[in-house]
Amino acid sequence: MAGLSLRGVTKQFGSVTALTEIDLEITHREFVVIVGPSGCGKSTLLRVIAGLEQLSAGEIYVGDQPVHRVPAAKRGLAMVFQNYALYPHKTVAQNMGFALKMAKVRRDEIDRRVVEAARILQIEDLLERKPRQLSGGQRQRVAIGRAIVREPKVFLFDEPLSNLDAALRVDMRVELAKLHNSIDATMIYVTHDQVEAMTMADKIVVLRGGRAEQVGSPMDLYHRPANAFVAGFIGSPRMNQLPATISAVSSSGVSITAPGGLELSLPVAGHDARPGQPVTLGLRPEHLTVGPQSGGTSLDLDVYVTEPLGGETILYGHIGDNSTLVVKVPGGTDVGKGQRVPVGVVPAMCHLFTEDGTAFTPLHTNDKVERIGASSS
Amino acid sequence: MSQAQVAAHSVALDGEITFRRNPLIDVAVLATTFVVWAFLIFPAVWIFLGSFKTTETMFAATTFSFTLDNYQTIFRAGFGRFIFNSLFICLIAVVISTFVSVIASYVFSRKRFRGKRIIFGSVILGQLFPWIILVTPLFIMFARIGLLNSYVGMILSYVAISIPFSVYLLVGYLETVPRELDEAAVMDGCSQFQIVWTIIFPIMLPGIVATATYAFLLMWTEFLFALAFLTKTSLKTMPLGLAQFFGEQTVDWGAIMAASAVTTLPALILFLPLQTKLSGGLAAGSVKG
Ligand SMILES: Nc1ncnc2c1ncn2[C@@H]1O[C@H](COP(=O)(O)OP(=O)(O)O)[C@@H](O)[C@H]1O
Ligand SMILES: [Mg+2]
């Protein structure tokens, strides 16, 4: 079956290194999302896989076939471009059938596959139109249809939804997930949007500066980020990251002091940590609770902005020495601007990072953490 | 007054300028445009009318006696042959030059290679030479290899003079065609050649037609090379044919006007319909927007 594997994939543009030694195993039918900030090399990685850019070093396999020297069109991959890249002088049907025409597929077979793809994407009545007569969402469908028609082993998507408005983007996200369920193909999807990554992926690859920072299921990355960058990138609102200092290290964990007089004992492996060492404490806004605390540790938050979103409210406040803390609370919570409220912190839900960002390993895996799709085949 | 109303109305229709403007400014703009237009169009109209006048009434403002004599004169003098020669040389040269320029501009626009800037710069530089400097070396070269008094020689030199600016214009045009289209075509299994001719060519057609038109008109009215390289009457082009009516002692104005009118016609007939049909906008809808 057609999985995909990247081994030591490296790409240089002159003196610029866009990708450094990317290793990645993708199993058949997996939905892999490559996510990262702008300029981190996402498109380059996709284009290298597609064959639009030559590798500087490394190997790419589709199934057990090395493809890194195979021409782009012969790799069994289809690409959906960010800007759709529809041929303006061809009709929708001609756009979708063009690859098959180039491959000298019989006319009636081309028609059959174009109509079938149009049916899946509900664009049957657009087949005779030119791209300029279509809306953005329709163009996007045609671009996807052009990929489907080729019946590729792997779909490559480069930020396919970034040009659509917010509502349409949510719709298309669901449709793409449906499409992935209904066809027998692997999908690799590039985005800078962590929400798309979390909602669509079986497996997420977080890229930064051309390096894979972490590879794992959405829940893996959310609950066990390998470093402060991944922790900050995955999850919304962003994880609070506060400067802290180690006060003691024992076999049951690491004790720290943080701004606002916060003292915590975290169940993480201390290894070579020393008292006095500066660290970063990671607190997800949704893991903090507001109100009178029954046990546990708490600190005082001076709220300066509230963002009510209906179902939930985001609180922005100061703690101790003016560090900012963001807290997510249920929509009904009665907290106003200028109020001082107690905020509860659960040590098991905290993250701790060394000064260079590497996460401390939790002593026991959190049983509440589900593993989603990480090993589906 | 009514002009001002018309101007105000068209401004409102365009929808770009919504605030009230001083009608006097509109009148002034319109009047200026009209004067410029009149200056441009007047010689053409005057020549066209003049070509049907007898020599006696040619420069008279009030009298007009219609005649076809001038046209008979030029066709008796072999002008039909000149039309054929010009059409033959210019059309073939335009096709070759456009073909080469499309490929060259694609390479300059899309490929990265060593020395690209220098090579592109030298193409542009080729445009800056006054042609008169090129005549002598070309004449000697053509004389050596037997290309004087030949269609091939004329076609080659016209191709050579039109390629630099054609490439220059087409590269500019290609920059507006998104590269993703090329890449989509690569993914769809096109060879380089197929990308250029099945994807890029149709998309750039408006730009190519505009460029080819310009090249054609340049060749169509070219005099210097034709004068130097063509001495046999049977091979002469229209500008040379036109020149022969300027005699040493007398100038046959009627014939010159008729010949000028005939010279203008093929260019109009060939390119006017194309121009209106292909006025851009083809690339719209390929990518976002
Ligand atoms: N053709 C190229 N030539 C030189 N540098 C490039 C080229 N393509 C991409 N890069 C560089 O590689 C890096 C990654 O780019 P890209 O993959 O487009 O980022 P992303 O898609 O994640 O925003 C950037 O620093 C970019 O400047
Ligand atoms: Mg990109």
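Reading the values: rules and limits
Residue positions within a chain follow its written sequence, with the count starting from 1. In the order they appear in the text, chains get letters beginning with A and ligands get numbers beginning with 1. It should be noted that, the model being predicted, local features are given only for residues of pLDDT at least 70 and side-chain atom pairs only at 80 or more, the latter also being counted only at that level, while totals for whole chains, interfaces and linings use all residues. The basis for every side-chain value is the complete set of heavy atoms in the structure, and neither hydrogens nor water enter the calculation. Under the scheme used here, helices are H or I runs from DSSP no shorter than 4 residues and strands are E runs no shorter than 2 residues, and both carry numbers assigned from the N terminus. Per-residue accessibility, obtained with a 1.4 Å probe over protein chains only, is compared with the maximum for each type, and a residue is labelled buried under 20%, exposed over 50%, and partly exposed between these values. Every residue pair with non-hydrogen atoms within 4.5 Å of one another is taken to be in contact. Only the protein chains shown count as cover for residues, with accessible areas throughout obtained via the Shrake-Rupley method and a probe of 1.4 Å. Here, nonpolar core refers to any group of buried Ala, Val, Leu, Ile, Met, Phe, Trp, Tyr and Cys residues whose side-chain atoms link them within 4.5 Å. Buried area is understood as the total, over both parts, of accessible area removed when two parts are fitted together, assessed with a 1.4 Å probe. Salt bridges, as used here, are contacts in which a Lys or Arg side-chain nitrogen is within 4 Å of a carboxyl oxygen on Asp or Glu. Pairs of N or O atoms within 3.5 Å make up the polar contacts considered here, provided that, within protein, one atom can donate a hydrogen while the other can accept it, and that residues adjacent in sequence are counted only when both atoms are side-chain atoms. Only strands that DSSP links by at least two bridges are regarded as paired with each other. If a single non-hydrogen atom of a residue is within 4 Å of a molecule or strand, that residue counts as near it. Residue-level confidence of the predictor, termed pLDDT, takes values from 0 up to 100. Every axis corresponds to a line fitted to the C-alpha atoms, with the helix fit spanning only the stretch in contact, and the corresponding angles, defined between N-to-C directions, vary from 0 to 180 degrees. Only the six-membered ring of Trp is used, alongside the rings of Phe and Tyr, when aromatic pairs are assigned; centres must lie within 6.5 Å, and planes under 30 degrees apart are stacked while those over 60 apart are edge-to-face, with the rest tilted.

**Student:** What is the right way to read the overall build of chain B from this model?
**Tutor:** Each helix and strand in chain B was counted, giving 12 helices and zero strands. Ordered by position from the N terminus, the helices and strands of chain B form the series α-α-α-α-α-α-α-α-α-α-α-α. Going through the 289 residues of chain B one by one, you find that 38% of them count as buried. Look at the contacts in chain B between residues 6 or more apart in sequence, and 74% of them connect residues 24 or more apart. Carbon and sulfur atoms make up 71% of the accessible area of chain B, which totals about 16300 Å².

**Student:** Even after reading the chapter, I still don't get the nonpolar core, so can you show me in this structure?
**Tutor:** Grouped burial of nonpolar side chains is what soluble globular proteins tend to show. With 51 residues, the main nonpolar core has A:Leu6, A:Leu45, A:Leu156 and A:Ile188 as its most contacted residues. For this core, the leading source of residues is helix α9 (residues 192-220) of chain B, giving seven residues. Not counting chain neighbours up to four residues away, the residues in contact with A:Leu45 comprise A:Leu6, A:Val9, A:Leu19, A:Ile22, A:Ile34 and A:Leu207. Counting 49 residues, the second-largest nonpolar core is a separate cluster that includes A:Leu121, A:Leu126, A:Leu161 and A:Ala185.

**Student:** It is not clear to me how the interface of chain B and chain A should be interpreted in this structure. Could you clarify?
**Tutor:** Each side of the interface is counted separately: chain B has 24 residues, and chain A has 28 residues. Together chain B and chain A conceal approximately 2200 Å² of surface at their shared face, both sides included; 63% is due to carbon and sulfur atoms. Inspection of the chain B/chain A interface yields two salt bridges. The closest approach of N and O atoms between A:Arg150 and B:Asp188, which form a salt bridge, is 3.8 Å. Taken together, chain B and chain A are joined by seven residue pairs in polar contact (both at pLDDT 80 or more). Of all the elements in the fold, those that place two or more residues in the side of chain B that touches chain A are α8 (179-187) and α9 of chain B. It is α8(B) that contributes the most residues to the side of chain B that touches chain A, seven residues altogether.

**Student:** I tried to follow the side chain of A:Lys11 on my own but got confused; where do I start?
**Tutor:** Mapped onto the fold, A:Lys11 is located in strand β1 (residues 4-13). Not counting residues up to four positions away in its chain, the partners in contact with A:Lys11 are A:Val16, A:Thr17, A:Ala18, A:Leu19, A:Thr44, A:Val48, A:Glu53, A:Gln54 and A:Ser56.

**Student:** Can you help me understand the pairing of strand β14 (residues 278-283) of chain A in this one?
**Tutor:** Each regular strand carries side chains that alternate between the two faces of the sheet. All names here are of chain A. Within β14, five of the six residues are buried, leaving the element largely enclosed by the surrounding structure. Both β14 and strand β20 (residues 351-353) contribute to a ladder of three bridges, which runs antiparallel. For Thr-280, the partnering residue across the bridge sits in β20 and is Phe-353.

**Student:** I would appreciate a short explanation of the site of ligand 1 in the present structure.
**Tutor:** The immediate surroundings of ligand 1 are formed by A:Phe13, A:Ala18, A:Pro37, A:Ser38, A:Gly39, A:Cys40, A:Gly41, A:Lys42, A:Ser43, A:Thr44 and B:Arg112. Chains contributing residues to the immediate surroundings of ligand 1 are chains A and B. Within the backbone of A:Gly39, a nitrogen or oxygen atom sits 2.7 Å from an oxygen atom of ligand 1. Taking A:Cys40, its main chain carries an N or O atom lying 3.2 Å from an oxygen atom of ligand 1. If ligand 1 stood free it would expose 560 Å²; the protein chains cover 61% of that surface. Ranked by residue count, the leading element in the shell around ligand 1 is helix α1 (residues 42-50) of chain A, at three residues.

**Student:** Help me understand the pairing of strand β12 (residues 253-258) of chain A in this model?
**Tutor:** All names here are of chain A. The buried count for β12 comes to five of six residues, which makes it a mostly enclosed element. Pairing of strand β11 (residues 240-250) with β12 involves five bridges; the strand directions are antiparallel. When the sheet's bridge partners are listed, Ala-248 is paired in β12 with Ser-255. Bridge count for β12 against strand β13 (residues 262-266) is five bridges, and the pairing is antiparallel. Of the residues in β13, the one forming a bridge with Ile-256 is Leu-264. The hairpin formed by β12 and β13 contains three residues between the paired strands, and Gly-260 there has a positive phi angle of roughly 80°.

**Student:** I keep staring at the confidence of the model for chain B and nothing clicks. Help me out?
**Tutor:** Detailed reading of predicted coordinates is not advised where the pLDDT is low. All names here are of chain B. Taken residue by residue, chain B gives an average pLDDT of 84. The fraction at 70 or more is 87%. Across chain B, the element-wise mean pLDDT spans from 46 in helix α1 (residues 2-14) up to 95 in α8. Low pLDDT, under 50, characterises residues 1-15; the predicted model gives this stretch eight contacts beyond four residues in sequence or across chains. Throughout residues 280-289 the model reports pLDDT below 50, and contacts reaching past four residues in sequence, or to other chains, amount to 29 contacts. For this predicted complex, the interface confidence score (ipTM) comes to 0.84, while the overall pTM stands at 0.82.

**Student:** Would you mind showing me how to read the sheet that holds β13(A) here?
**Tutor:** One key point about sheets: their strands pair by backbone hydrogen bonds, in either a parallel or an antiparallel sense. All names here are of chain A. Strand order in this open sheet of five strands is β13-β12-β11-β14-β20, and the pairing throughout is antiparallel. Edge strands, defined here as strands with exactly one partner in the open sheet, are β13 and β20. For this sheet, the mean angle separating the axes of adjacent strands, direction not counted, is 40°. Across six bridges, the pairing between β11 and β14 is antiparallel.

**Student:** Which parts of the structure should I look at to understand the packing of aromatic side chains?
**Tutor:** The description of an aromatic ring pair rests on the distance of the ring centres and on the angle between the ring planes. This structure, assessed with the given rule, holds 25 aromatic pairs over all chains. Ring centres of A:Phe157 and A:Tyr189 lie 5.8 Å apart, and the angle between their planes is 45°; this geometry places the pair in the tilted category. With A:Phe157 in strand β7 (residues 154-158) and A:Tyr189 in strand β8 (residues 186-191), this pair connects stretches of sequence that are 32 residues apart. You can call A:Tyr189 buried: its relative accessible area is 0%. Seen in terms of ring centroids, B:Trp131 and B:Phe225 are 5.7 Å apart; in terms of plane orientation they differ by 35°. Their pairing is tilted.

**Student:** Please clarify how the sheet that holds strand β15 (residues 289-290) of chain A should be interpreted in this entry.
**Tutor:** All names here are of chain A. In space, the five strands of this open sheet follow the order β15-β19-β16-β17-β18, with antiparallel pairing throughout. The strands lining the two open edges of the sheet, one partner per strand, are β15 and β18 (323-330). Across six bridges, strand β16 (residues 297-308) lies against strand β17 (residues 312-319) in antiparallel orientation. Residue Asp-302 lies in a different strand from β17, and its bridge partner there is His-318.

**Student:** How should the confidence of the model for chain A be read in this particular structure?
**Tutor:** For chain A, mean pLDDT is 91; residues scoring 70 or higher make up 95% of the total. When the criterion is pLDDT under 50, residues 367-377 of chain A qualifies, and its contacts beyond four places in sequence or with other chains add up to 14 contacts.

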